[in-house]
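Notes for the structure review
Single-letter residue listing:
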Amino acid sequence: MKKKITGKRVLYIILGLLVAGALFAGVGYLIKSNSSQSETFLTKKPMVQNMEDKVMATGKIVPREEIEIKPNMSGIVDKVLVDEGDRVTVGQLIATIRIVPNIQNVNASQQEINGAQLQISNAQLNLDNQQKQFGMQERLFNQGVISRQEYLAAQQQLQSAQIQLRNARQQLTTAQKNLQIARTGVTPELQSLATTQIRSKANGTVLEVPVKVGSQVIEANSFNSGTTIAAIADLNSLIFQGEIDEAQAGKLKEGMNMNVVIGALQNKKFPGRLTMIAPKGKDQSGTIKFPVEGDVFNPNNEYIRAGFSANGEIVLSSQKNALLLDEALIQYEKKNGKDVPFVEVKQANGTFKKVYVTLGASDGINVQIKSGIDKNAEVKVWNPSNKDKEALKEQKGK
């Protein structure tokens, strides 16, 4: 006996068919979506070209020797005769200093002069008395009244009085010189040497003049390094000072050739040679950096300013016809506790396959591929930049 199909049962059948159809449609859409998504990835191919394994140090250009000119007396800057950038020679006048008298020293010297003048007066009176006494003793000796011994004693007293007067006059001269030094910084006989004149101690270019007319300057002493009047350096003798990461320090040796690239001169390169690698690194925000230095050669005598920012390229090795790939396309996964590099290579059906690769040297942009893929492989750009996204749009529009 056939069962009677009710309207309710028909409704259930229709709903079941609709659900099944929607499920199949959804699965089909996902498959189609995944297929289309795999086709929308931008790909890049490796390139074959020469490659240099380089270490890059960042730093600046500085003079090999920089001389700071300081005064030998404290005072006030009276004249400044050079400007920054001027060429100077040894002995050239740079500035003059006006000595500011030290009141305490002036007063002490004046008291010394007064004391010396008093001693001269006393010595002169004593000399006058001894001369009179000697004249009288000389007459008595000639008359035979006194002995020769008494005559010689009187003569000796006269000579002592003369010596005392000379000493007093010498003390006055010394006191007058001290007063002159306290007031002007020089003695009268040395006035022509002008110790208040500041002169260059080397040939070179004036890098800096940190003082102005009217500035107070201090001489170098045990408690103060003194005021710098000018800084002078030879800009034909320059060095590169920079820093490298600790991971690169072990690859370097003193004497290696390098290229010094100066950005301010349109990235012009100057030959150089590595001369120093610091034995101790410096901690900079958790990263250890090692200071390095190198000679900078300027064969064409171009004008290089001290303080220019520069990069030092130190070539460790070079590889001809190397297979290079954009390092940003390399991905890594953990295997046995190690990071293993791989790339995703496009297949004939449009899908991508994971391929493990062996890497070589890197210049920071491209990395050498030793094995895993060839120059015809199309590698997925898995982390596209804005530029890559624009290129992908152009590719879709064609």
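About the thresholds
- All residue numbers refer to position in the chain's written sequence, counted from 1.
- In keeping with the predicted nature of the model, local features appear solely for residues at pLDDT of at least 70, side-chain atom pairs appear and are counted solely at 80 or more, and the whole-chain, interface and lining totals rest on all residues.
- The basis for the side-chain values is all heavy atoms of the structure; hydrogens and waters are excluded.
- Two rings from Phe, Tyr or Trp (for Trp, the six-membered ring) form a pair when their centres are within 6.5 Å of each other. A pair whose planes differ by under 30 degrees is stacked, one over 60 is edge-to-face, and the rest are tilted.
- A helix here means a DSSP run of H or I that spans at least four residues, while a strand means a run of E at least two residues long, and both kinds are numbered starting from the N terminus.
- Note on exposure labels: buried denotes an accessible area under 20% of the residue type's maximum, exposed denotes more than 50%, and partly exposed covers the range between, all computed with a 1.4 Å probe on protein chains only.
- For two strands to be treated as a pair, DSSP must find at least two bridges joining them.
- By definition, a salt bridge exists where a carboxyl oxygen of Asp or Glu is found within 4 Å of a side-chain nitrogen of Lys or Arg.
- Contacts between residues were defined by any pair of non-hydrogen atoms, one from each residue, lying within 4.5 Å.
- Each residue gets a pLDDT score, which is the predictor's confidence in that residue and runs from 0 to 100.
- The patches described consist of residues with a relative accessible area above 30% and no salt bridge, like charges being joined within 9 Å and nonpolar side chains (Val, Leu, Ile, Met, Phe, Trp, Tyr) within 5 Å.
- Every accessible area reported is derived by Shrake-Rupley at a probe size of 1.4 Å, with residue values counting cover from the shown protein chains alone.

A separate point is the packing of aromatic side chains. Think of a pair of aromatic rings as described by two things: how far the centres are apart, and how the planes are tilted against each other in angle. Throughout the structure, instances matching the rule amount to two aromatic pairs. Consider the rings of Phe41 and Phe352, whose centres lie 5.9 Å apart with planes at 85°: the pair is edge-to-face. Here the residue Phe41 occupies a position in the loop between helix H1 (7-39) and strand E1 (43-44), and Phe352 occupies one in strand E19 (residues 352-356), the gap between them amounting to 311 residues. According to the relative accessible area criterion, Phe41 is partly exposed, its value standing at 26%. The exposure class of Phe352 is buried, given its relative accessible area of 18%.

Before going further, it helps to examine the sheet that holds strand E7 (residues 197-199). The strand order across the open sheet built from four strands is E7-E6-E4-E9, with neighbouring strands paired in antiparallel fashion. Looking at strand neighbours, the two that pair on one side only are E7 and strand E9 (216-217), the edges of this open sheet. The pairing of strand E6 (residues 93-99) with E7 spans three bridges and is classified as antiparallel. The residue of E7 that forms the bridge with Thr96 is Gln197.

With that settled, the discussion passes to the pattern of salt bridges. All told, the structure shown has ten salt bridges when counted by the stated rule. Between Lys380 and Glu344 there is a salt bridge, with its nearest N and O atoms 2.9 Å apart. Taken together, the positions of Lys380 in strand E22 (residues 379-380) and Glu344 in strand E18 (residues 338-346) put the pair 36 residues apart, joining distant regions of the chain. The network of salt bridges with common partners includes Lys54, Lys269 and Glu313.

What follows concerns the side chain of Thr96. When you line up the elements, Thr96 lands in strand E6. If sequence neighbours within four positions are ignored, Thr96 has contacts with Ile76, Val77, Asp78, Lys79, Thr196 and Gln197.

Moving on, we come to the confidence of the model for the chain. Detailed reading of the predicted coordinates is not advisable wherever pLDDT is low. This prediction gives the chain a mean pLDDT of 82; 83% of its residues lie at or above 70. Taken together, the stretch residues 190-195 has pLDDT below 50 and engages in five contacts with residues farther than four places along the chain or on a different chain.

What follows deals with a nonpolar patch on the surface. Residues Ile14, Leu15 and Leu18 make up a contiguous nonpolar surface patch of about 280 Å² in total accessible area. Examined against the element boundaries, Ile14 turns out to sit in helix H1. A relative accessible area of 42% places Ile14 in the partly exposed class.

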